[in-house]
Structure formats: C-alpha cells, structure tokens
Amino acid sequence: MTGDSLPHNATQHRGATQHDDFSARADFSGRVGRTFAGSESGWPPVRRAEGRPNVVVMLVDDLGWSDLGCFGGEIETPNIDALAGSGLRFTNFHVAAMCSPTRAALLTGTNPHRAGMGSVAQSDPGFPGYASELAPDVATIAELLRDEGWATLMVGKWHLCKDSDEHAAGSQHSWPCQRGFDRFYGFLGPFTNLHHPAELMRDNTPVDVDAYPDGYYLTDDLTDQAITMIRSVKAGDPAKPFFLYFAHGAVHAPLHAKPDDIAKYVDAYHAGWDEIRAARFARQQSLGVLPDGATLPPRNSEPGDDVLAWDALTDDERRLFARHMAVYAGMVDNIDQNVGRLLAALTEIDEIDNTIFVFMSDNGASREGEAVGTSAYYVHLLQGDDVHADLARIDLLGGPQTTPHYPRGWAMASGTPWRLYKINMHAGGHTSPCIWHWPGGALEAGGMRRQFTYVTDVLPTLLELLEVERPARRAGRELQPLPGTSFVATLHSADAASMHVEQYAEMNGHRGFYRDGLEIVTNHKPLTPFGDDEWELYDLRVDPTELRDLARSRPEVVAELAAAWHAAARDNDVYPLDEGSSLRFLLRPPHIASLRGPVTIPRGTPTLERWRAMQLLWFRSCTVRVALDHRAGDRGYLVAHGDQGAGYGLYALDDELRFVHNDGRGRLREFSAGEFPAGTREVVLQLDACPGRRWDVTLAADGVVLGGETDFPMLFGMAPFEGIDVGIDRRSPVSWSIFERFGTFAYSGSLRHARYEPGADGPDSPERLLDVIRQMGARFE
C-alpha cells in the first residue's frame, strides 16, 4: 500500500457500531384511571407510508453495456426491453467499476471509499477506505426507508461485509438485516455456484440444505423468494409500500445456465467477437443509444488487456470460445425471463403502476477469464490456462460440473462500444446500462437520458421521489453528507442540466477524474510507479469512446484535473493506493490469528464456511484427525472440503480407506490406502506442504500408516468455494462420480468429530514473504 498511509492498526471507521433504537413512549400522564374503561388510550407514534410508491432496484453482476436488446444486444431480453420501451434509458450512467464499491455507493449514496468499500470485500488491511464493511456514519436506503414505514426486502448477493465475518461466529453488524433489511435471502460473499450454491442465508441464518433438487437454479430461486416476500407484505398490510433490492448472482462467474437456455444460443456465436461487436454497434446506432461522435474503437490492444482477432484463433479455440458465450447468453436470457415473472407478480396484485423499477449493472463486463477463458474459474488465475482441459469438458460448460468464465474478447464485445473492462477507469469498466420504469410517474415512454449520472445519485433521487428527507443524524451519529445529486429533473426532461458535474474514481491502482465532459484516466500496471505522467486526457463531448488522448497537447488541463483527483482522494479515504504487490490481501487484524489454530468439528455441524475453513490449511501443512468407531461395511465420507471448483475428501468404500482430490479442472485423482480395519477409532489425514505449492498426503488408522501419495496441488482462497463437512459431502460435491452413485454419501457408521490441526507454513507461503512484499511495494511510493 502506498500514499498518505495510516498505520496498519488505524481505526477502520469513524465510530463504533450502535444498535438502532427509534422507540418512543406515549405520554399517559393525566389519562390513566383505575380501569381500561376509565382510561384514555395512547400509543407511541408510528411512521406510515400509505400511498407512497414501492421500489425495486435490480442490480445485475458483471453485465456489459451492450448485452441487452434495448442497448444493442442480440440476446433475447423482451421483458427488460419492455421496461425500457415504457420507461427511460440512461445512456451516460456510471458506476464504480467493481462490485462491492458500486453496491456500497448505490445503497448509501456515498462515495465507495468513504463508505468503507474502496475495493472488493476480500481484504482487511486496516485502512478506513478499505474496511470491507459499511461505515457506521452512512445510512443505507433500506435503513432510511424502514424508518419511514417501508417494508425492506433483499434477495441475492450482498458482498458488503468482511469475508472474515461471514462464518457463524463472525460479527453480523454489516450483514443485510443489520443494515436495514427486514428480510434477506441470498449469499454474503462475492459469487456462488448457481446450480449448487455454497451457502444461502435466510435473514441471519444459513439455509439448511444438504442437496439441491434436480433442476435447481439460483436466479429462479431468488425470483421465487422475492415474489413470496412481496406477496407476504401486501397480504399483511396492503397499504404498506415495499423496497426490494434484487442483487443477482448472475452473470458473475462461474458462468452457469440451464440446459434449455444454453441450447437456445449454442450456434449463435460462431461468427466470433469481432462480428458480434460490429453488429451490436450497428444496432446501437439504429436505436439511438450512442452519443454523437461515437466511433467503434479497434480491438483492445493494451499489453495484458489485448484481444486477438477471431480469425487468428484455432478452430478448437473458436469452438470452445463460442460455447462460453452461449452459456453467458443463456444466463442473461434467464434473468430476463425472471424479470418477466416478477413484473407479472406485481401486475397480479395491482402494484405495477405504483412501483419504481430501476435496472442496472454493478460494473463493466468482466475480463477475469483472461485471454482464453476457463472451465475452472479462479483455479486458472493461480495455476494458469489449460485450453486442452477446457476442450475436454466443452459439453459440460455451463452445467454443475464446471465453473467457467468466458475469454476477455467476449467482455470487449459485451462492453461495446467502450474500451477495456471491469476494474478499468476507461469507459468499459464503469459505464452501466440503466433503466427507470414507473408507470405512475408520468415518465416519457421510450425516452433517452444522456446527462452524466453516477451511482451515488440514485439514493437522493429515490428519496426525492418518495418524499423522504435524509436526516443529518441517525442512531445518535452524524451522517456523512451525500456527494451525489438528485436527477428527478432529468427523469422529467431530456433537456435538464446534469447536476453531477465532477467525480473521482479509483480501483486497484487505476485512477480517473471526470469534470463537465473532460476526463483523465490511468491504466496502471502493477508494480510500476504512480505518477502524473500516466494520465490520459479525453474530451468526451466530441470523443465519447476515448480514441484521442489529448494529454500531451493540453498538459495544463491534465494538471488541473490531476490536482482535483488528488484532493478528492484525500477527502475520500482513497489512500493508500494499491501498488499491485498483493500486500493489501495479506494484511489482517491480529484477532484473526485465533482462527488459524486447531478446531474440532462434531458430526452434524453445518458446513464450516469457506473463508473460515481455508484458514486451517492455506499454504500450510495440516493434520486431520477423525474420531469414529468404524465397523466392517461402514461407508461414506469422513470429511469433505470443497466442491466441483476444487476440493478433497476422505471416505470409506468397499472396506477401503480412500482419498480423493479435485484440482478444479475436471482432473480427479484418487488413491486407496487399502483395507480400512474394523474397530478403527482414529483416522489421520496428513497434508504436508511442499515446495511448488504442493501437498504430500498420508493416511493412517490408529497410528498405523496405511498409504499415501505425493505431489497434490494445494487448494487456495476461493478454490474450493465450499467449506468443510464432517461425515457428509453437502451441495456441490468434491467427486461427481461419487455424487452420481451415492448422493451426499453420509458416513453410515459412528463418527464423533474431525479435528483440524494446522501445521507449519509451507515454503511458498506468503506469510513467509511479508517483509519482502512490503519492500517490493515500497519501491513504488
């Protein structure tokens, strides 16, 4: 971390969390007699919102600007297109270039760093702008509307709390129900398996599910839950309005879709990303969604961001990459189907006209599949690409046995006509499709709005429409002022002036600043110096697709905007900057150390959550002791850790003790340690960390070594994405072949617990390299 750094132990927020307490007591003085009949009743005041509009804010994850039909895409989205056709399209709407920051800005109306979410909630380095939880001096729209009498509902992805707080003993103060939502159904982390979600939460409690039914699909489930919540509120009190925050898990990787939805597009993308991109641009011109002067840029060519011409690929690559995009298209299509179901449900209860419906994406299209895509999301980022392994599983892409992500060439097409991708400060990173629909609000049907608007403007706009005043203080604490501005005037007039005239931006070291049509941006390369020589300058009024860099010809403008960026960075807790050393992800508060020690997990314990489980063996050796009373014929899993994205398991079958390892690419490696002796009271699985991020594995029973093998790839971070089970393998299985034969394969005998005893850090552990990493990053101060 570099810049105006605070010490590592700096306070993360500007105050301690307090519980909401808005109760009021009625004054009964002089009104109480000896009986109820002789007394005058009194009740505490209750805020009601009868007649006010309902609100649905739907946020799609990683959706590109051109994926929808109404923004030029070929994917069938008739229900979303109908929203646009009877509502407004905002064609110059911008977000924070990554998921957690956009979500924080959307819900609080506060700039991402000031809200505590300068990047994704997968780090905790000890600085206010990167706290990975919502600051206590911001109020979410759910908190504000609940105070005023709305029912507040949420389904889907949260991603606004520390990953270290997602387990059962973690603090819940930045979970949805503690930040204003009456009801929550979804997941707390960054992504999940759409066929077999790793862990779903209902309010503050994990949903108890060992195996999902055949045909389960998360987007369908979330829509079912949202409809049920709305119906329940309106049946309970028809006059009570609701606020629904629907945050899709789709279309974030892993790219999972239903078979029929994939089949619909299986032949649609063989022409490749160059032709698809050109066709989308032509449709955008016909639709009128592009600004004047928009020119389709050439393929992205920046080193590390570049895209090959489709014609330069091999036949196998084109076949594989077309399948990836077919899966993605199926996911988008399914979202649209479920938008149709939600709209039908609102129509059925006669609430559609009185509902403000906002539809948007959280950032630009994702380039995380990198050059060639993958069938093993996240594994590929650590172990490299393997097109041959992906080709061997081409027919499984999109299904529950793979965790795919498309190549970044499709992200380029998805973001047509903008340059670069999610995370970048160029337009492809932060330009989002945005639709506002409100039949009762007299909006111009099919209208376009081209004014610059930013995600922090959504909250003040909704508050003005709902006639709700944001208080200066809440729960005894002064709230941060709102940097955004209401664009209610823009909703009613295409000629209204944009009130949001400047905006800073920063993401993972990339920097940007917008002021009244002029923009400076950097495309920062990790482990290179930060400097004002990085800035590119564009006049978006005549060059909206950022093709003519004016930095050299107008250095005075660059200097002026760069100074404004530095001032905004200081005011918004942007410093320290991420220099690309990964130090931000390695720094953790001291109390985390207790989670890296031994733990005993009794049989019947719910799955030990992903992040919590990984502390036991991340880049280290580990001993797993299973206490049981094994009898001849007993079979099933003793322990299972992981899923189809990667994992390992220890199980009994045919009176043998067996170990299975899944590298996430479809390569399953198993070995038998031979006979599993009847009467065994303790089984030991030994994972020894070796150079090259590998494990040697040994199995023993009652102190006798039965067998072992060497050179198994270690598991990391989000691969596996599912935690530890004892006596069963829940939800997405480590071994698909075992799952097909036996399902969750619960151990049939007597098993008391499994005890994990973490050992020494491996030779490649980042913990051993912290000082080196600090020194490496300090070179770029």
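Predicted, not measured: the structure shown is a model, and the values here were computed from it.

A. The arrangement of the overall build of the protein chain in detail. Within the protein chain, the secondary structure is distributed over 18 helices and 29 strands. By the compact-globule yardstick of 28 Å for 781 residues, the protein chain fits well, its C-alpha radius of gyration being 27 Å. Its C-alpha atoms give the protein chain principal-axis dimensions of roughly 90 × 80 × 55 Å. Buried residues in the protein chain amount to 63% of all 781 residues. Residue pairs at least 24 apart in sequence account for 74% of intrachain contacts in the protein chain once pairs closer than 6 positions are excluded. Of the roughly 28100 Å² of accessible surface on the protein chain, a fraction of 51% belongs to carbon and sulfur atoms. Looking at charge distribution, the protein chain has the averaged site of its 73 positive side-chain charges lying 3 Å from that of its 108 negative ones.

B. Structural view of the environment of P544. Here P544 lies in the loop between β18 (536–539) and α14 (555–571). As for P544 and L657, which are separated by 113 residues in sequence, their C-alpha atoms are 63 Å apart. Apart from residues lying up to four places away in sequence, P544 is in contact with P291, D292, G293, A294 and W418.

C. Highlighting the pattern of salt bridges. The final tally for this structure, using the stated rule, is 54 salt bridges. Of the charged contacts, one joins E143 and R179 as a salt bridge, the two residues approaching to 3.0 Å between their closest N and O atoms. Placement of E143 in helix α3 (residues 141–147) and of R179 in the loop between β4 (151–157) and β5 (183–187) is noted, with a sequence separation of 36 residues between them. Given the relative accessible area of 6%, R179 is considered buried. With a closest N to O distance of 3.2 Å, D203 and R183 form a salt bridge. With D203 in the loop between β6 (201–202) and β7 (205–206) and R183 in strand β5, the pair connects residues that are 20 residues apart, well separated along the chain. Using a relative accessible area of 23% as the deciding quantity, one classes D203 as partly exposed. Within this structure, D305, D306, R367, E370, R408 and K525 form a network of salt bridges that share partners.

D. Broad picture of the sheet that holds strand β9 (residues 355–361). With mixed pairing, 10 strands are arranged side by side in an open sheet as β7-β6-β5-β4-β8-β1-β9-β10-β2-β11. At either end of the open sheet lies a strand with only one pairing partner, and these are β7 and β11 (447–449). Summarising the sheet, β6 and β7 pair through 2 bridges and their orientation is antiparallel. Across the sheet, R202 pairs through a bridge with T205, a residue of β7. Against the sheet, helix α2 (residues 99–108) makes contact with β1 (54–60), β4, β8 (242–247) and β9, and its axis sits at roughly 170° relative to β8, the strand it touches most. Contacting β1, β9 and β10 (434–437), helix α12 (residues 458–466) runs over the sheet at an angle of about 5° to β10.

E. Focus on the state of the cysteines. The full count for this structure, using the stated rule, is 0 disulfides. The thiol of C690 is unpaired, and the distance to the nearest cysteine sulfur, on C622, comes to 14 Å. For C690, a relative accessible area of 18% corresponds to the buried category.

F. The arrangement of the sheet that holds β18 in detail. Ordered by their spatial adjacency, 4 strands build an open sheet running β15-β16-β17-β18, and the pairing between neighbours is antiparallel. Only two strands of the sheet have a single neighbouring strand rather than two, namely β15 (502–507) and β18. With direction set aside, neighbouring strand axes in the sheet form an average angle of 15°. Direction of pairing for strand β17 (residues 518–521) relative to β18: antiparallel, over a ladder of 4 bridges. By the bridge assignment, L518 is partnered in β18 with D539. Set on the sheet, α14 makes contact with β15, β16 (510–515), β17 and β18; between it and β16 the angle comes to about 110°.

G. How the structure looks around the packing of aromatic side chains. A full pass over the atoms with the stated rule returns 31 aromatic pairs. Over the ring of W535 we find R511, and its NZ or CZ is 4.6 Å from the ring centre.

H. Broad picture of helix α7 (residues 315–348). Taking 1.5 Å per residue as the helical rise, α7 with its 34 residues ought to reach 50 Å, and the 50 Å between its terminal C-alpha atoms agrees with that figure. Across the 34 residues that make up α7, a large majority, 25, are buried. Taken from the residues just after α7, D350 is the one with a positive phi, measuring 60°.

I. Molecular detail of the pairing of strand β23 (residues 656–662). Counting buried positions along β23 yields 6 of 7 residues, so the element is predominantly enclosed. Taking the residues that link successive antiparallel strands as the turn, the strand β22 (residues 646–653)-β23 hairpin has 2 residues, and the phi of D654 there is positive, at about 55°. Taking the residues between adjacent antiparallel strands as the criterion, β23 and strand β24 (residues 668–675) are bridged by 5 residues, where G664 takes a positive phi near 90°.

Conventions and cut-offs
Residues numbered from 1 in each chain as written. Predicted model: local features only at pLDDT ≥ 70, side-chain atom pairs only at ≥ 80, totals over all residues. Heavy atoms only, no water. Helix = DSSP H or I, 4+ residues; strand = E, 2+ residues; numbered from the N terminus. Rg over C-alpha atoms; globule rule 2.2 N^0.38 Å. Buried < 20%, exposed > 50% of the residue type's maximum accessible area, 1.4 Å probe, protein only. Contact = heavy atoms within 4.5 Å. Areas by Shrake-Rupley, 256 points an atom, 1.4 Å probe, with all protein chains shown as cover. Lys, Arg positive; Asp, Glu negative; His and termini not counted. Charge placed at Lys NZ, Arg CZ, Asp CG, Glu CD. Salt bridge = Lys/Arg side-chain N within 4 Å of Asp/Glu carboxyl O. Pairing = 2+ DSSP bridges. Axes fitted to C-alpha atoms, helices over the stretch in contact; angles between N-to-C directions. Disulfide = S-S within 2.5 Å. Phe/Tyr/Trp six-rings, centres within 6.5 Å; stacked < 30°, edge-to-face > 60°. Lys NZ or Arg CZ within 6 Å of the ring centre and 35° of its normal. Expected span 1.5 Å × (residues − 1).

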